[in-house]
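Listed below, chain by chain, are the residues.
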Amino acid sequence: MDLRIFTEPQQGATYDTLLTVAKATEDLAFDAFFRSDHYLRMGDVNGLPGPTDAWITLAGLARETKRIRLGTLMTAGTFRLPGVLAIQVAQVDRMSGGRVELGLGAGWFEEEHTAYGIPFPKEKFARLEEQLAIVTGLWATEVGKTFDFHGTYYDLTDSPALPKPAQAKIPVLIGGHGATRTPRLAAQYADEFNIPFASIEDSERQFGRVRAAAEAEGRRADDLTYSNALVVCVGRDDQEVARRAAAIGREVDELKANGLAGSPAEVVDKIGRYAAIGSQRLYLQILDLSDLDHLELISSQVQSQLS
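The rules behind the values
- Residues numbered from 1 in each chain as written.
- Predicted model: local features only at pLDDT ≥ 70, side-chain atom pairs only at ≥ 80, totals over all residues.
- Heavy atoms only, no water.
- Salt bridge = Lys/Arg side-chain N within 4 Å of Asp/Glu carboxyl O.
- Helix = DSSP H or I, 4+ residues; strand = E, 2+ residues; numbered from the N terminus.
- Buried < 20%, exposed > 50% of the residue type's maximum accessible area, 1.4 Å probe, protein only.
- Core = buried A, V, L, I, M, F, W, Y, C linked by side-chain atoms within 4.5 Å.
- Contact = heavy atoms within 4.5 Å.
- Pairing = 2+ DSSP bridges.
- Right-handed = clockwise from strand over helix to strand, strands pointing away.
- Axes fitted to C-alpha atoms, helices over the stretch in contact; angles between N-to-C directions.
- Parallel < 35°, antiparallel > 145°, perpendicular 65-115°, else oblique.
- Left-handed = near helix turned anticlockwise from the far one by under 90°.
- Nonpolar A, V, L, I, M, F, W, Y, C, P; charged D, E, K, R; others polar.
- Phe/Tyr/Trp six-rings, centres within 6.5 Å; stacked < 30°, edge-to-face > 60°.
- Lys NZ or Arg CZ within 6 Å of the ring centre and 35° of its normal.
- Polar contact = N/O pair within 3.5 Å; in protein donor to acceptor, adjacent residues only side chain to side chain.

Colleague: Any chance you could explain the pattern of salt bridges here in plain terms?
Modeller: Proximity of charged atoms lets side chains of opposite charge pair with each other. Using the criterion set out here, one finds 24 salt bridges in the structure. Its salt-bridge partner being D269, residue R273 comes within 3.5 Å of it at the nearest N-O pair. With R273 and D269 both in helix α10 (residues 264-276), this residue pair falls 4 residues apart, about one helical turn. The exposure class assigned to R273 is partly exposed, which follows from its relative accessible area of 44%. One salt-bridge network, in which partners are shared between bridges, spans R236, E240, R243, R244, D291, D293 and E296.

Colleague: Explain the nonpolar core here, please?
Modeller: Looking at soluble globular proteins, one finds that nonpolar side chains tend to be buried together. Residues W55, L102 and W139 are the most contacted members of the largest nonpolar core, which totals 76 residues. If one sorts the elements of this core by residue count, helix α5 (residues 124-140) sits on top with 8 residues. Apart from residues no more than four positions distant in its own chain, L102 is found in contact with W55, T72, T75, L85, V89, V135, W139, I170, P171, V172 and L173.

Colleague: Just checking my understanding: could you explain the pairing of strand β1 (residues 2-7) for this structure?
Modeller: Consecutive side chains of a regular strand alternate in pointing toward one face of the sheet and then the other. Among the 6 residues that make up β1, 5 are buried, leaving the element largely enclosed by the rest of the structure. Here 6 bridges tie β1 to strand β12 (residues 281-286), and the two strands are oriented parallel to one another. Its bridge partner lying in β12, F6 is registered against Q285. Handedness of the β-α-β unit built from β1, helix α1 (residues 15-27) and strand β2 (residues 32-35) comes out right-handed.

Colleague: Explain the packing of α1 against helix α2 (residues 54-64) to me, please; I cannot follow it from the model alone.
Modeller: Two numbers describe a pair of packed helices, the interaxial angle and the distance between the axes. The geometry of α1 relative to α2 is characterised by a closest axis approach of 10 Å and an angle of 45° between their N-to-C directions. Taken together, α1 and α2 sit at an angle that is classed as oblique. Regarding α1 and α2, the two cross each other, and that crossing is right-handed. Note on element contacts: α2 touches α1 through T57, G60, L61 and E64, opposite Y15, L18, L19, A22 and K23. Looking at the contact of α1 with α2, its residues break down into 5 nonpolar, 2 polar and 2 charged.

Colleague: Just to check I follow, could you spell out the packing of aromatic side chains for this structure?
Modeller: For any pair of aromatic rings, geometry is given as the distance between the ring centres together with the angle between the planes. Tallied over the full model, the rule gives 6 aromatic pairs. For the ring pair F207 and Y226, a centre distance of 5.4 Å and an interplane angle of 65° mean the geometry is edge-to-face. Taken together, the residues F207 in helix α7 (residues 200-216) and Y226 in strand β10 (residues 225-234) connect sequence positions 19 residues apart. The residues F207 and Y226 share a single accessibility class, namely buried. An aromatic cluster is defined as three or more aromatic residues linked by ring pairs; in this entry it consists of Y39, F79 and Y116. Over the ring of F120 we find K124, and its NZ or CZ is 4.2 Å from the ring centre. The residue whose ring lies beneath R181 is F125, and the NZ or CZ to ring-centre distance is 4.2 Å.

Colleague: Help me understand the side chain of Q131, please; the structure alone is not making it clear to me.
Modeller: Here Q131 lies in helix α5. In terms of polar contacts, Q131 uses its side chain to reach the backbone carbonyl oxygen of G77, at 2.9 Å. Apart from residues lying up to four places away in sequence, Q131 is in contact with G77, P82, L104 and Y154.

Colleague: Teacher, can you tell me more about the pairing of strand β6 (residues 147-150) here?
Modeller: Side-chain alternation along β6 places F147 and F149 on a buried face and D148 and H150 on a face that remains uncovered. Looking at chain direction, β6 and strand β7 (residues 155-159) are connected through 3 bridges and run antiparallel. Paired with F147 across the bridge in β7 is S159. What sits between the antiparallel neighbours β6 and β7 is a turn of 4 residues.

Colleague: Which parts of the structure should I look at to understand unusual backbone geometry?
Modeller: Note on backbone geometry: most residues besides glycine have negative phi, and most peptide bonds are trans. The omega torsion across L48 and P49 is 10°, close enough to zero to call that bond cis. By secondary structure assignment, the location of P49 is in the loop between β2 and α2. Across the junction of L73 and M74, the peptide omega takes the value -25°, indicating a cis bond. Position of M74 relative to the elements: it lies in the loop between β3 (69-72) and β4 (75-76).

Colleague: Sorry if this is basic, but what is going on with the environment of L40 here?
Modeller: Along the chain, L40 falls in the loop between β2 and α2. Sequence-wise, L40 and P51 are 11 residues apart; in three dimensions their C-alpha atoms are separated by 6.6 Å. Here L40 is in contact with Q10, F109, E111, E112 and A115, once residues within four sequence places are set aside.

Colleague: What should I look at first to understand the packing of helix α3 (residues 82-96) against α5 in this one?
Modeller: For the pair α3 and α5, the least separation of the axes is 9 Å and the interaxial angle reads 45°. In terms of orientation, α3 and α5 fall into the oblique class. When you trace α3 past α5, the crossing you get is right-handed. In this structure, α3 contributes P82, G83, L85, A86, V89 and A90 to the contact, and α5 contributes Q131, I134, V135, L138 and W139. The class makeup of the residues in the contact of α3 with α5 is 9 nonpolar, 2 polar and no charged.

Next up, the structure:
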């Protein structure tokens, strides 16, 4: 089971804070540092000092880390034209020496679009399908050849399809709870399928849909990696769990029901139950980015028991 650190910087974080967490992620032997791609805070927080751009952040971290994978859960398709996104991600991949992964979704948070003047189209999912075809098609085009795409929403003619990433293939993550279209898109384009904040039962059901869609697409179901994103709140004792829950404005019982919370032994047990239904990777949502001791505890007393 791979453990990855997943941050939500729109809730309030500077680049320096994210760099500190990313370096701790690397030092503590976690597999990767991922971040959300949002421009507006959610819930009852002030979000200060304001949002940071996901791909600018990852470009900086690409030069200041050496081992960890870097990526997004999920870049919103509404934020960037697909040709521009392909250039940005390929460049960051080269800057990192081939450590980048792209999570790409349709976009859903209408308020952040309104706040920053970003169009919020009705046909987001159909656009996402074209975006995936374009981004992956540009990267796959041989050097010296050109790429064309003529769709309903995007039109590319004689693109040189440059630059190329450092990796032969940048892993693409697709995720969500949709019962039909999401599994189909994952089967067509994804290297990894991620389901966010889902129960063991719902995860098992959705993984089954994706596996069936992959086989219908002519792929082996095991060609994809299956992962979960879950909030994490671990403590050495009940008091520490309660303190960490209070720091992120959550209740312990709710966190235990809907995430990975409790003592290291409790969390290891629940991770084992996710592993039993086919989850191979967990994105641990860390909401208090100042609590580096939390990361150290997870590394020393949770991750160490999974190897």
